[in-house]
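# Descriptive structure summary
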Amino acid sequence: MNADVAVENTSVTALWNDPTASVAARVDALVDAMTLEEKTAQLYGVWVGASDEGGEVAPHQHEMEEPVDLDALLPTGLGQLTRPFGTVPVDAALGALSLARTQARIAASNRFGIPALAHDECLAGFAAWGATAYPVPLSWGAAFDPDTVRRVAAAIGRDMRSVGVHQGLAPVLDVVRDARWGRVEETIGEDPYLVGTIGTAYVQGLESAGLVATLKHFAGYSASRAGRNLAPASVGPRERADVLLPPFEMAIRESGARSVMNAYTDTDGMPSAADEDLLTGLLRDTWGFDGTVVADYFAIAFLKTLHGVASDWASAAGTALRAGIDVELPNVKTYGAPLTEAVADGRVPEKLVDRAVRRVLTQKVELGLLDPDWNPVPAALDGTDPDDPEALRGRIDLDGPDNRALARTLAEEAVVLLSNDGTLPLDRPRRIALIGPNADEPVAVLGCYSFPQHIGVRHPGTPLGIDLPTLRDTLAAEFPEAEITYARGTGVDDGDLTGLDEAARLARDADVTVVVLGDRAGLFGRGTSGEGCDADSLALPGAQQQLLDALLDLDTPVVTVLLAGRPYALGRAVEESAAIVQSFFPGEEGTRAIAGVIGGRVNPSGRLPVGVPRGPGSQPGTYLGARLAHAGAVSNIDPTPAFAFGHGLSYTRFDWSDLSVAAEEAPTDGEFALSFTVRNAGDRAGTEVVQLYLHDPVASVVQPVQRLIGYTRVALEPGEARHLSVTVPADLASFTGRDGTRIVEPGELELRLSASSADPRLTARVTLTGAERPLDHTRRLHATLVQEPVTT
């Protein structure tokens, strides 16, 4: 690429540009040379959109912020560029050129030649026009497969880095506490161990590609009262420590994550953005995190406008900076002039600015942005001519065959077969009645942070940018000899009943009815699932239950398919559907995966990352409940789910046998060793998901009835068996005791080897002996499950 997007190198290399010097020395020298205004300029971002003509980015005018004047800002520098690809539809190559030209301008405009760090969303794929739309995180959880999630994340990271993006705002490590919350689709599930292991794998994938991963939302966002977005979080210190924090702790320890984003919520009156004990005391002083903490969008301003703990912008800036937030996103609001003025007049110590800017500059040095050979031109544009932008259009493919193959693998692993009376897989049906609002809707497979649903909806007429076959398309391909008739029946949430008669007429004349229900992803009330799209109950939206019931009234078998962002109560369908197939926004290859399950090409292996409720009003509740949270004679409400966490069926049958326990006692600093055999007793290949739960019948504080402490996928050919050896450290029995210290107590335990949280297959009763033992964040976090073939 030509020099119009390159930065001139001076003949004298400053210490901060010297790659042979230590990172700390380079950063110290740079901080010492900067003015206060130059320091604070590194602590905020500017929201921009890349140009589809390849010109420089344009500031995004958001309704919550004043317009930004780049010409006025750039001479002192700029910390971040916010969502250059995820703000407007832009061809990937032209967007990369636009970003490169802007980075050259930024570096040339400030005294030290410092470029900005560019970030974008990547919750279910790079949130850019034309990029692969992978399954949403709730489907990652349903797959119970960290390895596949790690490979998906690495592919996403490579795509983002190739076009000049440095940081991805993912994954979400919030643990589901109330399925009415709109952002359930963005989470991995309702169990902290599942969330931690899958989320850690995702971070490892992103970071392996050189992308800075961002853990969010730290901490407690998903516990928002009544499932309302941004509501206060009503959790005590024990629930926070034992349920909400462990996924972040695991990711900090094991993934190499370099950024954390605060939660919007307040917990017991303390907003996360103002919580020094959380953002500095726990995250940094205890866990040892040394990356950057970035503000969730507008979170610092919210200290004044929503939380009422700051009187003005300077107070909000000082409060957040003191707590430990290093970077204000998405735009400059409080960390610009208000912070500079507050430091100048002594209200905020400059050492807090220095602390934050050191963290930001350390990351930029480590990314190579201050090296003398830094070039704003990203790898994907090497060897191209920037003077002919139109020749670049279409040059970069962010949705290539390798990406689609990964998306298909994850989608297939994540489909959950909830029930089946033998109707599935379908055996050469002559006529299929395909009914429902999501049966012929391309975007029904996408979550709210996919580009088409997040940004594309604001640009009507713009092509989707990716191929999104509907289930109508993929069923036709799966059953080429069948006649498929179609009726919408009703909308997702319009309550329209006028189409029910036509749907019933088609169903009466069919061999089987496939009804496709669920959600429409959106933002802030524009959908039935997604950020700001909270539900007042877990009844199916609109008139979908009436449509389902009308079909169940007929003699034709009904296969119920869910394309949704949360679990829903399904009423009569739990007992009366011939089969139920659950999929959580499975991405661009999702309908092919579902069609494969319906036709038998894919043997389902997904397991529920969240329970499916029996009734619509049983929230909040998860399988992690203590005894009082479960059904009992003292209440007329039975919260028992229709389908429990971890549940999922297969087209083959697995036998579990030969449990052996090496020793039934171990000290509180020891471990237990178990072994058992799993055999595929059916006539086709399949995958069993072995789940290990711990039950602590007597403890000094109330415990959940059981909790997941390990799992593994076991792929078996017909008749094949695997011997599994399991090691369970006593540390996994730890919990937060009465005085707030994590402990392991002596006493009896049950280790349940299960097919789901409601289906234990083998149980080992063991005992911990010796003294109560305190633990800290260095404790062991995992059981080991090792598979070996069984020879006959």
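You'll find the structure just up there.
Note that the coordinates shown come from a computational prediction; the quantities given were computed from them, not determined experimentally.

## Side note on the overall build of the protein chain
A count of helices and strands for the protein chain gives 22 helices and 28 strands. For a compact globule of 792 residues, the expected C-alpha radius of gyration is about 28 Å, and the protein chain comes in at 27 Å, within 12% of that figure. When burial is assessed residue by residue, the protein chain has 63% of its 792 residues classed as buried. Of the contacts made within the protein chain by residues no fewer than 6 positions apart, 80% connect residues no fewer than 24 positions apart. Only carbon and sulfur atoms are counted for the fraction: they give 48% of the accessible area of the protein chain, which is about 27500 Å².

## Overview of the sheet that holds strand 3 (residues 80-82)
Think of a sheet as strands paired side by side through backbone hydrogen bonds, with each pair either parallel or antiparallel. Taken in spatial order, the eight strands of this open sheet run 2-1-3-4-5-6-7-10, and their pairing is mixed. The sheet terminates laterally at strand 2 (58-59) and strand 10 (292-294), the two strands that pair on one side only. Two elements, strand 4 (residues 117-120) and strand 5 (residues 167-168), share two bridges in a ladder whose sense is parallel. If you follow His119 over to strand 5, its bridge partner there is Gln167. The strands that helix 14 (residues 350-366) touches are strand 4, strand 6 (212-218) and strand 10; relative to strand 10, the one it contacts most, it runs at about 110°.

## Details of the side chain of Thr340
Positionally, Thr340 belongs in helix 13 (residues 337-344). Of the residues examined, Thr340 reaches a relative accessible area of 12% and is grouped as buried. Among residues more than four places away in sequence, those in contact with Thr340 are Leu36, Glu37 and Thr40.

## A word on the state of the cysteines
Tallying each qualifying case throughout the model produces zero disulfides. Of the cysteine sulfurs around Cys122, a residue in no disulfide, the closest is that of Cys448, at 14 Å. The class of Cys122 is buried, set by a relative accessible area of 0%. Cys448 forms no disulfide, and the closest cysteine sulfur to it belongs to Cys533, at a distance of 7.3 Å. Residue Cys448 is classed as buried on the basis of its relative accessible area, which comes to 0%.

## A short note on empty space enclosed by the protein
Inspection of the entire model under this criterion finds six cavities of 30 Å³ or more. Considered as a void within the structure, the largest cavity measures approximately 60 Å³ in volume. Forming the walls of the largest cavity are Ala124, Gly125, Phe126, Ala127, Ala128, Ala131, Thr132, Ala133, Tyr449, Ser450, Phe451 and Pro452. By residue class, the composition of the lining of the largest cavity is nine nonpolar, three polar and no charged.

Scoring rules and cut-offs
- Residues numbered from 1 in each chain as written.
- Predicted model: local features only at pLDDT ≥ 70, side-chain atom pairs only at ≥ 80, totals over all residues.
- Heavy atoms only, no water.
- Helix = DSSP H or I, 4+ residues; strand = E, 2+ residues; numbered from the N terminus.
- Rg over C-alpha atoms; globule rule 2.2 N^0.38 Å.
- Buried < 20%, exposed > 50% of the residue type's maximum accessible area, 1.4 Å probe, protein only.
- Contact = heavy atoms within 4.5 Å.
- Areas by Shrake-Rupley, 256 points an atom, 1.4 Å probe, with all protein chains shown as cover.
- Pairing = 2+ DSSP bridges.
- Axes fitted to C-alpha atoms, helices over the stretch in contact; angles between N-to-C directions.
- Disulfide = S-S within 2.5 Å.
- 1 Å grid on protein atoms, 1.4 Å probe; cavity = no way out; pocket = protein on both sides within 12 Å on 5 of 7 lines; lining within 4 Å.
- Points joined across faces, edges and corners; volume = space filled by probe spheres on them.
- Nonpolar A, V, L, I, M, F, W, Y, C, P; charged D, E, K, R; others polar.

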